[in-house]
Amino acid sequence: MQKGVLRFLSVCLVVVSVTVLSIPIAGVLGIVANVEAARPTELRVGFLQEVDSLNPYLGLNDAAYIFYGLVYDALTVLDNDMNPTSDLAKEVWAVPESDPRLVASGEPYGSVWQYNLTSSAKWTDGEPFTSDDVVWNININADNFVDLWAYQPYAYFMSFAEKISDYEVRIHYYDRVTGDPEPAAFAYLISIPMLPKHMLQNFDASEIGFGWDGTFPDEEIPIVSTGPFMATENILREWSTGDKITLETNPNYHWKADKGVEIKFDRIIMNFYKDTTGMVLALQNGDLDIASLPPAAYLEVKSQVDAQTMKNVTCFAGPKITQYWTEIGINMNFAGPNPSRLDPVVRTAMAMATNKQYIVDQFYFGLADPGTTAIPPVNTDWHYEPTEDELIKYNLTVAAQMLTDAGYIDGTDSDTIRECTASSLAVQRGWVTEGKALSYQMLLRREYPEEKNIAEYLVTEWAKIGINLEFTILDEAELSTQVYYYNYDTMIWYWSADVDPNYQLFVLTKLAWDGWNDNKYSNPLYEENYTDAVHEMDRDQRKVFVDNCQRIHYLDVAYVILAYAYQTYAWRDDTFSGWGDWAADPGRSMDNFWMGNPLFFDLVPLQVEEEEPPWLAIAAAIGVIAAVAIAVVLLRKRGKKKEEEISGSPLGE
């Protein structure tokens, strides 16, 4: 029996020894390296807002635009300093007046722009990106302004795109009403995601704008794009479930050839949470690398970081580079429950009864600035701040007196709610009948609980001047649907915009009715100044027109802009390096959704200790070998001794 065991162990020893000895030390180290390389590096980002559509012509919220910025490219993007820089277009310029084509056509300077494209970009299905793709994208937007409403602020002024060569495109701009060529001062920054012509050219514009889910299910990579990240085969299932979206790093991304930079991690995961508690816990436990936090949760995390009860976490708060602001939008359409709101006196009284500083302090916890005009102060080049005489200040006494003087008084019922009288503009214009109470509906987003608190505050404040307010809480998608029917009284919603003022000013014009304009605001003087701001190529003179638009809109009180909310992020500094200084380099913010965010190219995964280091497995194997060897030696000794003891036995072995 011992000899059988000995023979078995000897065989084992030989097999193991031969196996181990056949692997050189370099090979062992190679195994370890391969094990480490096989573990994907992930950037895990936390959001409270889900991506509302995978189709870049349907999505509305900021999470969706961050997603589009990950998978798609635009002609130009923004750098660390928020200045335009190259992406699919390596060079952009207004064609000079001396250009032979321009001389022949008679088009004015600024009405034709040239975009010289990269030759390094490929679609994720392997097809090359060329000027044919740009021409198709521009022309389908220009020709289908209504159906493809998402990028109207650019497309409205586009006449057509023409192919100069495989990697040169010119876009011609014009006045859509007159048909005359006109300059477009904003054309240096066109944030339209480029979609694949070869996949979509047989779709009609209405299908792309309203019916397409954003994917090609028969493709190995279901979203065909050129961006720094790629969809996985599970993209639709993940999006439908609503918990996360996983994107793989694009190994063929053209910035490596064009700019000498590449992404140094394997994938990015957008994680969506139903509440702040779960997201904060995930950040604390290291299950997230960075999280976009609402004000209260941000302050909770920051207090723990400051107290060193939450370690290896950095917090950042500052003005949102997306120029995000929240507003009370007042419906300017003759519709909805109570059109008496169309009287400018009523709207101004609402604004005067709204203490913006209190709202910032109480509901944004100081992580915002009181709002005034449509382009926030973070955009230092284009913001207009009202003068002392123009500023609508919080004053309940003045607001109440204005309403009384305008013929809105609390009648015989003495219920403290004012009614419209025969002397009020609302009755004289036929908007409402005499006796109509100043009682208004307000729509709110469920996803932003601070806005419910703001509405509750407004109910109390506006009651002090005789205005009744009742609010309804909806999912943001439903709120969007109701708002764009223009059949409401008021709502609390938000805007984000480009660094160029064109986008934000456009959405407030009559041109954007039934498109981006969410309260049907219009003012002929505003429209005139906006048109001049689009066509003026001199920057200083353009600034005059942009300021005029902001002043007119502010004094019309179609919006009561509540707050310029801050971005509030927290990230782990023990999983990635390269976060940088977001205050000094604002374009690095996760909020940079204009595609080509420079942050992702500087993030470097830090070495994370394996839960089960491969050295342990090697040490265990060596231990087994040693044990087998020792056992064999002992058995050999015992076997020799036993042979000596039984050598004289008649039974032999």
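Structure's up top.
My aim in this report is to walk through the structure given alongside it, one point at a time. Only a predicted model underlies this, so the values are computations on that prediction, with no experimental measurement involved. (Residues numbered from 1 in each chain as written. Predicted model: local features only at pLDDT ≥ 70, side-chain atom pairs only at ≥ 80, totals over all residues. Heavy atoms only, no water.)

## Some details on the overall build of the protein
1) Next: Across its full length, the protein holds 23 helices and 22 strands.
2) Next: Burial status across the protein gives 53% buried among its 653 residues.
3) Next: Carbon together with sulfur atoms contributes 54% to the accessible area of the protein, which is approximately 28100 Å² in total. (Helix = DSSP H or I, 4+ residues; strand = E, 2+ residues; numbered from the N terminus. Buried < 20%, exposed > 50% of the residue type's maximum accessible area, 1.4 Å probe, protein only. Areas by Shrake-Rupley, 256 points an atom, 1.4 Å probe, with all protein chains shown as cover.)

## Examining the nonpolar core
1) Next: In this structure, Phe-67, Tyr-115, Met-158, Tyr-173, Leu-247 and Phe-600 are the most contacted members of the largest nonpolar core, which totals 120 residues.
2) Next: In terms of residues, this core owes the most to one element, helix α3 (residues 62-71), which gives 8 residues.
3) Next: Beyond its immediate sequence surroundings of up to four residues, Leu-247 is in contact with Phe-67, Leu-70, Val-71, Phe-229, Met-230, Ala-231, Ile-235, Asp-266, Arg-267 and Ile-268.
4) Next: Ile-330, Leu-342, Val-346 and Leu-469 belong to the second-largest nonpolar core, a separate cluster that totals 54 residues. (Core = buried A, V, L, I, M, F, W, Y, C linked by side-chain atoms within 4.5 Å. Contact = heavy atoms within 4.5 Å.)

## Section: the pattern of salt bridges
1) Next: Scanning the model with the defined rule gives 24 salt bridges in all.
2) Next: Where Glu-162 meets Arg-101, a salt bridge forms, and the shortest distance between an N and an O atom there is 3.7 Å. Note that Glu-162 is positioned in strand β6 (residues 158-165) and Arg-101 in helix α4 (residues 100-105), a separation of 61 residues in sequence.
3) Next: Taken together, the salt bridges that share partners define one network made up of Glu-42, Glu-248 and Arg-267. (Salt bridge = Lys/Arg side-chain N within 4 Å of Asp/Glu carboxyl O.)

## Some details on the environment of Asp-81
1) Next: Looking at where Asp-81 falls in the secondary structure, it is placed in the loop between β2 (76-78) and β3 (84-86).
2) Next: Note: C-alpha distance between Asp-81 and Pro-586 (505 residues apart in sequence) is 6.0 Å.
3) Next: Excluding its chain neighbours within four sequence positions, the residues that come into contact with Asp-81 are Ala-584 and Asp-585.

## A word on the pairing of strand β1 (residues 42-47)
1) Next: The buried fraction of β1 amounts to 5 of the 6 residues, a majority that puts the element mostly inside the structure.
2) Next: Where β1 and strand β11 (residues 290-292) come together, 2 bridges link them in parallel fashion. Across the sheet, residue Val-45 finds its bridge partner in β11, namely Ile-290. (Pairing = 2+ DSSP bridges.)

## Re the side chain of Glu-527
1) Next: Here Glu-527 shows up in helix α20 (residues 524-535).
2) Next: Of the side chains bearing the opposite charge, Lys-510 lies closest to the buried Glu-527, which forms no salt bridge; the N-O distance is 7.5 Å.
3) Next: Of the polar contacts made by the side chain of Glu-527, one reaches the side chain of Ser-522; its length is 3.4 Å.
4) Next: Setting aside chain neighbours within four positions, we find Glu-527 in contact with Thr-509, Lys-510, Leu-511 and Ser-522. (Lys, Arg positive; Asp, Glu negative; His and termini not counted. Polar contact = N/O pair within 3.5 Å; in protein donor to acceptor, adjacent residues only side chain to side chain.)

## A word on the environment of Ser-292
1) Next: Within the secondary structure layout, Ser-292 lies in strand β11.
2) Next: Distance in space between the C-alpha atoms of Ser-292 and Gln-567 is 7.7 Å, their sequence separation being 275 residues.
3) Next: Sequence-distant contacts of Ser-292, that is, excluding residues within four places in its chain, are made with Gly-46, Met-279, Thr-568 and Tyr-569.

## Focus on the sheet that holds strand β5 (residues 112-117)
1) Next: In spatial order, the strands read β4-β5-β7-β6; together these 4 strands make up an open sheet with antiparallel pairing. Sheet topology places β4 (89-94) and β6 at the edges, where each strand pairs with a single neighbour. When strand polarity is set aside, the average angle formed by the axes of neighbouring strands in this sheet is 20°.
2) Next: The pairing of β4 with β5 spans 5 bridges and is antiparallel. Bridge assignment links Trp-93 to a residue of β5, and that residue is Gln-114.
3) Next: Against the sheet, helix α5 (residues 131-143) makes contact with β5, β6 and β7 (168-173), and its axis sits at roughly 170° relative to β6, the strand it touches most. (Axes fitted to C-alpha atoms, helices over the stretch in contact; angles between N-to-C directions.)

## Considering helix α13 (residues 344-352)
1) Next: With 7 of 9 residues buried, α13 lies mostly within the body of the structure.
2) Next: Those residues of α13 that sit buried are Val-346, Arg-347, Thr-348, Ala-349, Met-350, Ala-351 and Met-352.
3) Next: Two to three positions downstream of the cap, the backbone nitrogen of Val-345 sits 3.0 Å from a side-chain oxygen, assigning the N-cap of α13 to Asp-343.

## Thoughts on the packing of aromatic side chains
1) Next: In this structure the tally under the stated criterion is 38 aromatic pairs.
2) Next: On the basis of an interplanar angle of 50° and a centroid distance of 5.7 Å, the ring pair of Tyr-65 and Phe-593 is categorised as tilted. With Tyr-65 in helix α3 and Phe-593 in the loop between β21 (576-577) and α22 (599-602), the pair connects residues that are 528 residues apart, well separated along the chain. Accessibility assignment for this pair places Tyr-65 and Phe-593 in one class, buried.
3) Next: Ring centres 4.9 Å apart and planes at 25° place the aromatic pair Tyr-324 and Tyr-494 in the stacked group. Here Tyr-324 is found in the loop between β12 (313-319) and β13 (325-330), whereas its partner Tyr-494 is found in strand β19 (residues 490-495), with 170 residues between them in sequence.
4) Next: Residue Tyr-324 is classed as buried on the basis of its relative accessible area, which comes to 8%.
5) Next: Three or more aromatic residues link up through ring pairs in this structure, and these residues are Phe-145, Tyr-156, Phe-157, Tyr-173, Phe-186, Phe-506 and Tyr-530. (Phe/Tyr/Trp six-rings, centres within 6.5 Å; stacked < 30°, edge-to-face > 60°.)

## With respect to unusual backbone geometry
1) Next: The residue Phe-365 is not glycine, and still its phi comes out positive at about 55°.
2) Next: Mapping Phe-365 onto the fold places it in the loop between α14 (356-363) and β14 (368-370).
3) Next: Taking relative accessible area as the criterion, Phe-365 reaches 39% and is therefore assigned partly exposed.
4) Next: Within the chain, Val-557 stands out as a residue other than glycine whose phi angle is a positive 50°.
5) Next: The topology assignment puts Val-557 in the loop between α21 (539-556) and β20 (559-572).
6) Next: On the accessibility criterion, Val-557 (1% relative accessible area) is buried.

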